[in-house]
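What follows is the residue order along each chain.
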Amino acid sequence: MNSNDWQSFLLPYELAVEGFIVKLESIRKQYILKGLYNPIEIVTGRVKTVDAILQKAARLEIDLKEIPEKIQDIAGVRIICKYIDDVYLVQDLITSRRDLKIITIKDYVKKPKPSGYQSLHIIAQYVTETIEGPNTIYIEFQVRTHVMHFWASIEHSLNYKYDYQIPGTIKFRLLKASQAAQKLDVEMTKIKKTIDKLEEKHELKKVKNPLEEKEYKLNSVRKE
Ligand code: 0O2
C-alpha cells in the first residue's frame, strides 16, 4: 500500500475517533449542566500510526489483508475516571449505545495483566459512512482511573523507549508499584463512598462546584 492508500484506509478510523471524542465530551457536559454525577473526567483518542500497525501485524504474524479484522485497536478512545466505580458506569454508558455493536470486554481492572496493567477494554464495531457506502470498523475503548493511567503511561513509555528490553528487576518493581496503585485506587473509591453516605445522611452538604464549572468552560476536545 502506498501513502495515499494508507490515508484512505485510516480515514474512517480517524472519523470514528474524532466522533467519539465529541460524543463522550458531550455526555460529560450534559451531566455537569444537569447537576448529575459525572463519571467521565478526560476523553482522548488516537489512531495507530502505520508503523505501529505494521509492527503489531508482524509481531502477531498477521497478513496485510487481515489487518482490519485482526487488529482491533487501530481506532482507540480512552476515558479517564476518578474512581474504580466510575469505570463501570462508563462501561454501561458505552455498552448501551445503539451506534456500537459490542464484540468483547476485557476487564484488566478486576484481573490485571501479569505486567500489572489495569484498564477496562471494550472492543466494538462501528459503522462509518464513506462515499463507497457503509464501512464497519473496530474501535477500542480503554476505560481507566487516573491512577491506572499514571502507571500505564509510565510503563508504556519505558517499554517503548527501551524496546521492551527493560530488566526483570525493573519489571518486578513496576508490578509492585501497580499493586501500590491498586491500593490507592481502592482507598480513594472507599473515601468517595463514605462521603456519599455522609451526604445522604445530610451530615455533609455539597456547595456548587466552581472547579467543575470552570473546567466545563475551559474544556475543549482533547487529543493525545
Ligand atoms: P498503543 O500505543 O496504546 O497503541 P485487547 O485485545 O486490546 O483488549 P490485549 O489482547 O492485551 O487487549 O491487546 P494488546 O494488543 O496487548 O494491547 C492493546 C493495548 O492495551 C495496548 O496498545 C496498550 O495501549 C494497552 N496495553 C495492553 N497491555 C499493556 C501493558 O502491559 N502495559 C501498558 N502500559 N499498556 C498495555 P499498544 O499497541 O501496546 O500501544
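It should be noted that the structure appears before, not after, this text.
Residues numbered from 1 in each chain as written. Predicted model: local features only at pLDDT ≥ 70, side-chain atom pairs only at ≥ 80, totals over all residues. Heavy atoms only, no water.

S.K.: Explanation requested: the pattern of salt bridges in the structure shown.
M.R.: For side chains bearing opposite charge, pairing can occur when the charged atoms are close. Across all of its chains, the model carries 12 salt bridges by this definition. A salt bridge links Arg 28 to Glu 25, with the nearest nitrogen and oxygen atoms 3.4 Å apart. Here the residue Arg 28 and the residue Glu 25 both occupy positions in helix H1 (residues 3-33), the gap between them amounting to three residues, near one helical turn. Like Glu 25, Arg 28 is buried. Taken together, the shared-partner salt bridges in this structure form one network comprising Arg 46, Lys 48, Lys 56 and Asp 73. (Salt bridge = Lys/Arg side-chain N within 4 Å of Asp/Glu carboxyl O. Helix = DSSP H or I, 4+ residues; strand = E, 2+ residues; numbered from the N terminus. Buried < 20%, exposed > 50% of the residue type's maximum accessible area, 1.4 Å probe, protein only.)

S.K.: Please clarify how the side chain of Lys 192 should be interpreted in this entry.
M.R.: Here Lys 192 lies in helix H6 (residues 168-200). On the accessibility criterion, Lys 192 (17% relative accessible area) is buried. At 2.5 Å, the side chain of Lys 192 and the side chain of Asp 196 are in polar contact. Residues contacting Lys 192, with those up to four places away along its chain left out, are Tyr 37 and Tyr 83. (Polar contact = N/O pair within 3.5 Å; in protein donor to acceptor, adjacent residues only side chain to side chain. Contact = heavy atoms within 4.5 Å.)

S.K.: How should I be thinking about the site of the ligand in this particular structure?
M.R.: Not every one of the 17 residues close to the ligand is listed here, only the nearest: Lys 48, Lys 56, Lys 106, Lys 113 and Glu 140. Note that an oxygen atom of the ligand is positioned 2.2 Å from one of the side-chain N or O atoms of Lys 113. Contact between the ligand and Gln 142: an oxygen atom at 3.2 Å from a side-chain N or O atom of the residue. When the ligand is considered free in solution it has 740 Å² of accessible area, and contact with the protein chains removes 76% of it. When residues of the shell around the ligand are traced back to their parent elements, those giving at least two are strand S4 (120-130), strand S5 (133-145) and helix H5 (146-161). Top contributing element to the shell around the ligand by residue count: H5, with three residues. Across the shell around the ligand, the residue classes break down as four nonpolar, four polar and nine charged. (Near = heavy atom within 4 Å. Areas by Shrake-Rupley, 256 points an atom, 1.4 Å probe, with all protein chains shown as cover. Nonpolar A, V, L, I, M, F, W, Y, C, P; charged D, E, K, R; others polar.)

S.K.: Help me understand the packing of aromatic side chains in this model?
M.R.: Within a pair of aromatic rings, the relevant descriptors are the distance that separates the centres and the angle that separates the planes. Scanning all chains against the criterion turns up five aromatic pairs. For the ring pair Phe 20 and Tyr 126, a centre distance of 4.9 Å and an interplane angle of 70 degrees mean the geometry is edge-to-face. Taken together, the positions of Phe 20 in helix H1 and Tyr 126 in strand S4 put the pair 106 residues apart, joining distant regions of the chain. An identical accessibility class is assigned to Phe 20 and Tyr 126; each is buried. Ring geometry for Tyr 108 against Tyr 117: centres 6.1 Å apart, planes inclined by 55 degrees, an arrangement best described as tilted. The same class applies to Tyr 108 as to Tyr 117, namely buried. Through successive ring pairs, a cluster of aromatic residues spans Trp 6, Phe 9 and Tyr 13. (Phe/Tyr/Trp six-rings, centres within 6.5 Å; stacked < 30°, edge-to-face > 60°.)

S.K.: I keep staring at the sheet that holds S4 and nothing clicks. Help me out?
M.R.: Two orientations exist for strands paired in a sheet by backbone hydrogen bonds: parallel and antiparallel. The five strands lie next to each other as S1-S2-S5-S4-S3, forming an open sheet whose pairing is mixed. In this open sheet, the two edge strands, each paired with only one partner strand, are strand S1 (42-47) and strand S3 (101-107). Ignoring which end each strand starts from, the neighbouring axes of this sheet average 25 degrees apart. Here S4 pairs with S5 via 11 bridges, running antiparallel. (Pairing = 2+ DSSP bridges. Axes fitted to C-alpha atoms, helices over the stretch in contact; angles between N-to-C directions.)

S.K.: How should I be thinking about H1 in this particular structure?
M.R.: Three or four residues apart is the spacing at which side chains of an α-helix point the same way, because the helix has 3.6 residues per turn. In this model, H1 (31 residues) spans 44 Å end to end at C-alpha, consistent with the 45 Å of a helix rising 1.5 Å per residue. Just downstream of H1 lies Gly 35, where phi reads positive at about 70 degrees. (Expected span 1.5 Å × (residues − 1).)

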